[in-house]
Amino acid sequence: MSRRCDLTGKAVLSGNLVSHSNRKTKRRFLPNLCNVTLESETLKRSVRFRVSANALKSVDHRGGLDAFLKKARDEDLSPRALELKRQIAKASAESASAA
């Protein structure tokens, strides 16, 4: 399992650990990943994702999973999230044409 957020694409970064004497050794900055279950209002079902805490705040700020996926760039999303985005777009288009 990769250390990458399914929604924002945030991944591991590398850098230096700098000591008091200014010695530099390599270190890794890991994203704060959480296993969460998010609810899709359009599809009326829940979906499990491994997302960063920052992405979870963004989902809440934008008004839910559906609104977040509509605004997200395709290259940042995981294949599973991209498929869910397509299903949401298709379902919302069908409901708009039916109304």
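Predicted model only: the values in this text are computed from it and were never measured.

## A word on helix α3 (residues 79–98)
With 20 residues, α3 extends 29 Å from end C-alpha to end C-alpha; this agrees with the ideal 28 Å at 1.5 Å per step. Those residues of α3 not exposed but buried are A81, L82, L84, K85 and I88. Relative to the axis of α3, the buried residues are bounded by an arc of 160° and lie together on one face. Away from the buried face of α3 by more than 90 degrees, exposed residues P79, R86, K90, S97 and A98 are located. Looking at the buried positions of α3, the neighbouring elements they touch are β3 (33–40), β4 (45–52) and α2 (65–71).

## Some words on unusual backbone geometry
Positive phi outside glycine occurs at N22, with the angle close to 70°. Position of N22 relative to the elements: it lies in the loop between β1 (13–18) and β2 (24–29).

## Points about the environment of S97
Examined against the element boundaries, S97 turns out to sit in helix α3. Given a relative accessible area of 61%, S97 falls into the exposed group. One polar contact links the side chain of S97 to the main-chain carbonyl oxygen of E94, over a distance of 2.9 Å.

## Focus on the packing of aromatic side chains
Scanning the entire structure with this criterion turns up zero aromatic pairs. Here R27 stacks its cationic end above the ring of F29, 3.9 Å away from the centre of that ring.

## Considering the state of the cysteines
Taken as a whole and judged by the stated rule, the model has zero disulfides. Cysteine C5 shares no disulfide, and the gap to the nearest cysteine sulfur, in C34, comes to 9.3 Å. For C5, a relative accessible area of 2% puts it in the buried group. Relative accessible area serves as the criterion here: at 25%, C34 is assigned to the partly exposed category.

What counts and how
- Residues numbered from 1 in each chain as written.
- Predicted model: local features only at pLDDT ≥ 70, side-chain atom pairs only at ≥ 80, totals over all residues.
- Heavy atoms only, no water.
- Helix = DSSP H or I, 4+ residues; strand = E, 2+ residues; numbered from the N terminus.
- Expected span 1.5 Å × (residues − 1).
- Buried < 20%, exposed > 50% of the residue type's maximum accessible area, 1.4 Å probe, protein only.
- Arc of directions from axis to C-beta.
- Contact = heavy atoms within 4.5 Å.
- Polar contact = N/O pair within 3.5 Å; in protein donor to acceptor, adjacent residues only side chain to side chain.
- Phe/Tyr/Trp six-rings, centres within 6.5 Å; stacked < 30°, edge-to-face > 60°.
- Lys NZ or Arg CZ within 6 Å of the ring centre and 35° of its normal.
- Disulfide = S-S within 2.5 Å.

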